[in-house]
There are 2 protein chains.
Amino acid sequence: MMSEFNLQETIELLSRTPAALDALLRGLPENWTHRNEGDDSWTVFEVIGHLIHGERTDWMPRARRILESGNTRPFDAFDRGGHQQEIRGKSLEKLLDEFSNARTENLVALREMKLTPADLEKPGLHPALGAVTMSQLLATWAAHDLTHVHQISRIMAHQYREVVGPWSAYLGVMHCNGHSS
Amino acid sequence: MMSEFNLQETIELLSRTPAALDALLRGLPENWTHRNEGDDSWTVFEVIGHLIHGERTDWMPRARRILESGNTRPFDAFDRGGHQQEIRGKSLEKLLDEFSNARTENLVALREMKLTPADLEKPGLHPALGAVTMSQLLATWAAHDLTHVHQISRIMAHQYREVVGPWSAYLGVMHCNGHSS
């Protein structure tokens, strides 16, 4: 694994996620995108709403908080139910467009910050986790994309748990127990 | 989850995976694509080689075996090390092209089979799992894509395990223990 944070390599990943999810999901039948893993788990559609909500309220607002206030003022708490307001009355295709546009705007703003190595070490205060740094925040932004790609693949695979028959034994994704919410 | 196999919805997913992986991975720095999860685990680069090897030797040859021989002749065993011959001397970009081309050719061939509902119930014989059906084989083809999307997201997230700092506690993908190979 990497022991040093690399801003450019983080942006490389962040810039690709919307197009990857678009290619995977746009036009896909709702049996794949609008079913969940049971109980109150999320559908793929809801996950995209959550990613949009993160673009609007989580990553860049927190980066700005670090630059403006360091660790003297904690981040605002992130609303894990905030996707509900993002998805209401919308199609998946609309959400994919919104995620792509919000991400593009955020990466423009991130580049305009012209973060220095010293900026990347600046401290922030997470309301639950405590002391964090700018580089940890930005690395988490990228890893958060990956955790939801992970979740999306698992939600979709769950829909085929029965129809694959005995092959479910060989399909690791069907043995993933939902640690990735 | 879905209790009945739907051929068209399976093809819809199968047709999207190469473009999704292309959008996620093409041009990405090798720190993301050529590092593994330790020991003899696979890199993202190797996973794409494995997907190509499946296109060439697994899914459609097995579908043809079912149509030709039913359960009177078992499938040839799949070589889980077969990706080595697919990746030697190649770039990730070349592999992404090969995966896309092989998938496109296979889906043309699948459509040309014009499988009937009766064909989908036809029995096959897996060398280890025993009795399977055509529909289970085709459902597994799609779910196998998803298990490797799941794995790819996990391999990539592993590279950031250290640099996300305390946020690793919140990132489900970093708690996935590799059931998805």
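Preceding block: the structure.
Residues numbered from 1 in each chain as written. Chains lettered and ligands numbered in written order. Predicted model: local features only at pLDDT ≥ 70, side-chain atom pairs only at ≥ 80, totals over all residues. Heavy atoms only, no water.

Peer 1: Just checking my understanding: could you explain the overall build of chain A for this structure?
Peer 2: From N to C terminus, chain A includes eight helices and two strands. At 18 Å, chain A has a C-alpha radius of gyration in line with the 16 Å of a compact globule built from 181 residues. For chain A, the C-alpha atoms occupy an extent of roughly 55 × 35 × 30 Å along the three principal directions. Expressed as a percentage of the 181 residues in chain A, the buried residues total 57%. Across chain A, the fraction of contacts at a sequence separation of at least 24, relative to all contacts at a separation of at least 6, is 73%. Carbon together with sulfur atoms contributes 47% to the accessible area of chain A, which is approximately 7,300 Å² in total. The distance from the centre of the 18 positive side-chain charges to the centre of the 24 negative ones in chain A is 3 Å. (Helix = DSSP H or I, 4+ residues; strand = E, 2+ residues; numbered from the N terminus. Rg over C-alpha atoms; globule rule 2.2 N^0.38 Å. Buried < 20%, exposed > 50% of the residue type's maximum accessible area, 1.4 Å probe, protein only. Contact = heavy atoms within 4.5 Å. Areas by Shrake-Rupley, 256 points an atom, 1.4 Å probe, with all protein chains shown as cover. Lys, Arg positive; Asp, Glu negative; His and termini not counted. Charge placed at Lys NZ, Arg CZ, Asp CG, Glu CD.)

Peer 1: Would you mind going over the pairing of strand β1 (residues 123–126) of chain A with me for this structure?
Peer 2: In regular strands, side chains alternate between the two faces of the sheet. Residues and elements named next belong to chain A. Side-chain alternation along β1 places G124 and H126 on a buried face and P123 and L125 on a face that remains uncovered. With four bridges joining them, β1 and strand β2 (residues 130–133) adopt antiparallel strand pairing. Following the sheet pairing, L125 is matched in β2 by A131. Adjacent in sequence and paired antiparallel, β1 and β2 are bridged by three residues. (Pairing = 2+ DSSP bridges.)

Peer 1: How should I be thinking about the pattern of salt bridges in this particular structure?
Peer 2: Proximity of charged atoms lets side chains of opposite charge pair with each other. Taken as a whole and assessed by the stated rule, the structure comprises 26 salt bridges over all chains. Across the pair R26(A) and D22(A) runs a salt bridge, and its minimum N-O distance is 2.7 Å. Using a relative accessible area of 28% as the deciding quantity, one classes R26(A) as partly exposed. For the salt bridge of D145(B) with R103(B), the shortest nitrogen-to-oxygen distance reads 2.7 Å. Of this pair, D145(B) sits in helix α8 (residues 134–158) while R103(B) sits in helix α6 (residues 92–112), and the two are 42 residues apart along the sequence. (Salt bridge = Lys/Arg side-chain N within 4 Å of Asp/Glu carboxyl O.)

Peer 1: Help me out: how do you make sense of the packing of helix α3 (residues 44–57) of chain A against helix α8 (residues 134–158) of chain A in this one?
Peer 2: Any two packed helices are characterised by the angle at which their axes cross and by the distance between the axes. Residues and elements named next belong to chain A. Across the interface, α3 lies against α8 with an axial gap of 10 Å and an inter-helix angle of 170°. Comparing their axes, α8 and α3 come out roughly antiparallel. In this structure, α3 contributes V44, V47, I48, H50, L51 and E55 to the contact, and α8 contributes W141, H144, D145, H148, Q151, I152, I155 and M156. Of the residues belonging to the contact of α3 with α8, the class tally is eight nonpolar, four polar and two charged. (Axes fitted to C-alpha atoms, helices over the stretch in contact; angles between N-to-C directions. Parallel < 35°, antiparallel > 145°, perpendicular 65-115°, else oblique. Nonpolar A, V, L, I, M, F, W, Y, C, P; charged D, E, K, R; others polar.)

Peer 1: So what exactly am I meant to see when it comes to the interface of chain B and chain A here?
Peer 2: Many analyses report the size of an interface as the accessible area lost when the parts associate. Taken together, the contacts link 66 residues of chain B with 66 residues of chain A. When chain B packs against chain A, close to 5,800 Å² is buried across both sides, 70% of that on carbon and sulfur atoms. For chain B, the biggest contributors to the area lost against chain A are M1(B), M2(B) and W167(B); these three give 15% of the whole. Taken together, the connections running from chain B to chain A amount to zero salt bridges. In this structure, the connection of chain B to chain A is made through 16 residue pairs in polar contact (both at pLDDT 80 or more). Of all the secondary structure elements, the ones that give two or more residues to the side of chain B that touches chain A are α1 (7–25), α2 (30–33), β2 (130–133) and α8 of chain B. At 17 residues, α8(B) tops the list of elements feeding residues into the side of chain B that touches chain A. Partitioning the side of chain B that touches chain A into residue classes produces 34 nonpolar, 22 polar and ten charged. (Buried area = accessible area lost by both parts, 1.4 Å probe. Polar contact = N/O pair within 3.5 Å; in protein donor to acceptor, adjacent residues only side chain to side chain.)

Peer 1: Hey, could you run me through the environment of R88(A) in this one?
Peer 2: Residue and element names in this part refer to chain A. Here R88 shows up in the loop between α5 (83–87) and α6 (92–112). R88 sits in the exposed class, given a relative accessible area of 63%. In this structure, the C-alpha to C-alpha distance between R88 and R35, residues 53 residues apart in sequence, is 16 Å.

Peer 1: What is the right way to look at the packing of aromatic side chains in this model?
Peer 2: For any pair of aromatic rings, the description rests on two quantities: the centre-to-centre distance and the angle between the ring planes. Residues and elements named next belong to chain A. For the coordinates displayed, the defined rule picks out eight aromatic pairs over all chains. Ring plane angle 10° and centroid distance 6.4 Å describe the contact between W59 and W141, whose orientation is recorded as stacked. Residue W59 is located in helix α4 (residues 59–69), and its partner W141 is located in helix α8; the two are separated by 82 residues in the primary sequence. Exposure remark for W141: the relative accessible area of 0% places this residue in the buried category. (Phe/Tyr/Trp six-rings, centres within 6.5 Å; stacked < 30°, edge-to-face > 60°.)

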